[in-house]
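Architecture at a glance
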Amino acid sequence: MFEEIQIAMEGGTSDAVKMWMNWMGFIFLASVFFVWKHKPARFVLGAIVLTMMAGLITWALTENIHLLGIPHVLIWLPLAIYIWKNVLSKPAKANLPASPSFYDRAFFIWIGLVFATIAISLVFDVRDIFLVLTGNK
């Protein structure tokens, strides 16, 4: 099944999309550097595992790479809301130490990149799903 998905990705996506997918993989898997101290990183790591499993199910049911955004919407939208509410919002930042460590600063930069990556991806995922549902993809 992985080989079929890879072949479909090669034939049905642009080089820019492939680069974006590599970025998403990198930024999500970077969670391993923060999981031992930061609960949101554990959620990000769990989300990537769930997304991969849900993506395999979506592929098995549809064989349409443009519908692989469905697991993103179902898993990443709640994750983005959680990240915003519990890490990036002004009330959440009020609980930060006055002088965070280098490790904690790196975490906040990373989680900001995760949030931005999710937000951008969701825009394109919703667009792709819409195009498939309307017969335009």
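Residues numbered from 1 in each chain as written. Predicted model: local features only at pLDDT ≥ 70, side-chain atom pairs only at ≥ 80, totals over all residues. Heavy atoms only, no water.

**Section: the packing of helix H4 (residues 69-88) against helix H6 (residues 102-133)**
- At a minimum axis distance of 9 Å, the contact between H4 and H6 shows a crossing angle of 145°. Relative to H6, H4 is oriented so that their crossing is left-handed. Residues Gly 69, Ile 70, His 72, Val 73, Trp 76, Leu 77, Leu 79, Ala 80, Ile 83, Trp 84, Val 87 and Leu 88 of H4 lie in contact with H6, whose contacting residues are Phe 107, Phe 108, Ile 111, Gly 112, Val 114, Phe 115, Ile 118, Ser 121, Leu 122, Asp 125, Val 126 and Ile 129.
- Residue classes in the contact of H4 with H6 are distributed as 19 nonpolar, four polar and one charged. (Axes fitted to C-alpha atoms, helices over the stretch in contact; angles between N-to-C directions. Helix = DSSP H or I, 4+ residues; strand = E, 2+ residues; numbered from the N terminus. Left-handed = near helix turned anticlockwise from the far one by under 90°. Contact = heavy atoms within 4.5 Å. Nonpolar A, V, L, I, M, F, W, Y, C, P; charged D, E, K, R; others polar.)

**With respect to the packing of helix H3 (residues 39-62) against H6**
- Where H3 meets H6, the axes come as close as 11 Å, and the angle between the chain directions of the two elements is 35°. Note on packing geometry: the crossing formed by H3 with H6 is left-handed. Seen from H3, the contacting residues are Pro 40, Ala 41 and Val 44; seen from H6, they are Phe 107, Trp 110, Ile 111 and Val 114.
- Its residues assigned to classes, the contact of H3 with H6 comprises seven nonpolar, no polar and no charged.

**Structural notes on the packing of aromatic side chains**
- Evaluation of the coordinates by the stated rule reveals ten aromatic pairs.
- Residues Phe 107 and Trp 110 carry aromatic rings whose centres are separated by 5.9 Å and whose planes lie at 45° to one another, so their mutual orientation is tilted. Of the two residues, Phe 107 and Trp 110 both sit in helix H6, three residues apart, roughly one turn of that helix. Each member of the pair, Phe 107 together with Trp 110, is buried.
- Members of the aromatic cluster, each reached through a chain of ring pairs, are Phe 34, Trp 36, Tyr 103, Phe 107, Phe 108 and Trp 110. (Phe/Tyr/Trp six-rings, centres within 6.5 Å; stacked < 30°, edge-to-face > 60°. Buried < 20%, exposed > 50% of the residue type's maximum accessible area, 1.4 Å probe, protein only.)

**A word on H3**
- Here H3 is 24 residues long and its end C-alpha atoms lie 34 Å apart, about the 34 Å a rise of 1.5 Å per residue gives.
- Here H3 has its buried residues at Pro 40, Ala 41, Val 44, Ala 47, Ile 48, Thr 51, Gly 55, Thr 58 and Trp 59.
- Two residues or fewer after H3 comes Glu 63, characterised by a positive phi angle close to 50°. (Expected span 1.5 Å × (residues − 1).)

Function-wise, these values are silent; they only describe arrangement.
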